[in-house]
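Structural features, examined
What follows is each chain in one-letter form.
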Amino acid sequence: MTFFGHPFHPMTSHFPIVLYLLGVWLTGAYLWRGQTDFERFAYWSFILSWLATIISSLVGLVDQNQLEMADPRRENVNAHITAGVTLLIINGLLVYMRFRWTDVLTRFRWTYLGLMALGVVAVATTAWLGAELVYRLQIGII
Ligand code: HEM
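A brief structural summary. (Residues numbered from 1 in each chain as written. Predicted model: local features only at pLDDT ≥ 70, side-chain atom pairs only at ≥ 80, totals over all residues.)

Let's shift gears to the site of the ligand. In the vicinity of the ligand lie 27 residues, with H9, S13, G60, G130 and G140 positioned nearest. Looking at the shell around the ligand, the elements that each hand over two or more residues are α1 (9-12), α2 (14-33), α3 (36-64), α4 (74-100) and α6 (109-136). Of the residues contributing to the shell around the ligand, the split by class is 14 nonpolar, 12 polar and one charged. (Near = placed C-beta within 6 Å. Helix = DSSP H or I, 4+ residues; strand = E, 2+ residues; numbered from the N terminus. Nonpolar A, V, L, I, M, F, W, Y, C, P; charged D, E, K, R; others polar.)

Mapped onto the secondary structure, I90 falls in helix α4. On a C-alpha basis, the gap between I90 and V123 in space is 10.0 Å, while along the polypeptide they are 33 residues apart. Dropping the residues within four chain positions of it, I90 is found in contact with L115, L118, G119 and A122. (Contact = placed C-beta atoms within 7 Å.)

Right, let's talk about the nonpolar core for a bit. Y20, F46, L87, I90, L94, A122 and V123 are the most contacted members of the largest nonpolar core, which has 16 residues in total. For this core, the elements supplying multiple residues, two or more each, are α2, α3, α4 and α6. If one sorts the elements of this core by residue count, α4 sits on top with five residues. If sequence neighbours within four positions are ignored, Y20 has contacts with S49, N91, G119 and V123. (Core = buried A, V, L, I, M, F, W, Y, C linked by C-beta atoms within 7 Å. Buried ≥ 20, exposed ≤ 12 C-beta atoms within 10 Å, placed from the backbone.)

Time to look at α6. Along its 28 residues, α6 runs 40 Å from first to last C-alpha, staying within 8% of the 40 Å computed at 1.5 Å per residue. Every buried residue of α6 is accounted for by M116, G119, A122, V123, T126, G130 and L133. At its buried positions, α6 is contacted by α2 and α4. Two residues or fewer after α6 comes Q138, characterised by a positive phi angle close to 60 degrees. (Expected span 1.5 Å × (residues − 1).)

Turning to the packing of α2 against α3, a few remarks are in order. In contact at an axis separation of 8 Å, α2 and α3 are set at 165 degrees when each is read in the N-to-C sense. Taken together, the axes of α2 and α3 are roughly antiparallel relative to one another. Where α2 crosses over α3, the two elements pack in a sense that is left-handed. Contacts between α2 and α3 involve F15, P16, L19, Y20, L22, G23, L26, T27, A29, Y30 and R33 on the former and, on the latter, F38, E39, F41, A42, S45, F46, L48, S49, A52, T53 and S56. Counted by class, the contact of α2 with α3 contains 14 nonpolar, six polar and two charged residues. (Axes fitted to C-alpha atoms, helices over the stretch in contact; angles between N-to-C directions. Parallel < 35°, antiparallel > 145°, perpendicular 65-115°, else oblique. Left-handed = near helix turned anticlockwise from the far one by under 90°.)

With that settled, consider unusual backbone geometry. With phi around 60 degrees, Q138 is a residue other than glycine that occupies positive phi space. As for its position among the elements, Q138 is in the segment after α6. The class for Q138 is exposed, based on 9 C-beta atoms found within 10 Å.

Structure follows, in structure tokens:
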């Protein structure tokens with residue numbers, strides 16, 4: 001999928017990264033300062049990062065179809081997809097838990113924060129593998 005001749009996925013892929021990390025940062029700010037607004041904004045940030053991950057993934061699926069079926073670089077794209085889907089699941093669980101229990105940070109504090117930390121690993125891995133596709137394997141270079 002292109003937008004004025006540019007691959008579309010790189011234009012959308014930064015939103016899930018930034019919004020997820022913003023959610024983590026706001027959660028940390030809430031734990032530090034105790035102001036509930038930080039926690040509420042963190043929740044919205046996780047909702048938006050989840051939606052952005054879905055949109056970016058759908059666009060990425062279209063972009064990867066421009067590779068030949070026999071192209072060995074599809075293996076690398078698949079690793080990138082695995083990390084992206086892991087992020088989608090973790091981010092979805094965070095949103096579900098916060099939706100189900102508004103006091104999740106008290107009731108299930110360490111499960112919730114542990115999941116959040118795993119999400120940081122997933123988002124960093126997805127982004128790193130994505131950058132490998134472009135800058136090392138030259139996918140989507142125009
Ligand atoms: C099913 C899911 C996904 C597929 C099929 C996919 C596919 C791709 C492909 C083919 C590229 C190479 C550039 C291009 O042709 O557009 C790429 C790059 C990239 N992807 Fe994904 N992607 C997926 C999900 C994600 C997600 C969820 C994120 C962010 C959390 C992400 C972040 C990136 C980044 C940062 C790049 C490098 C962009 C650049 O620096 O120019 N991808 N991806």
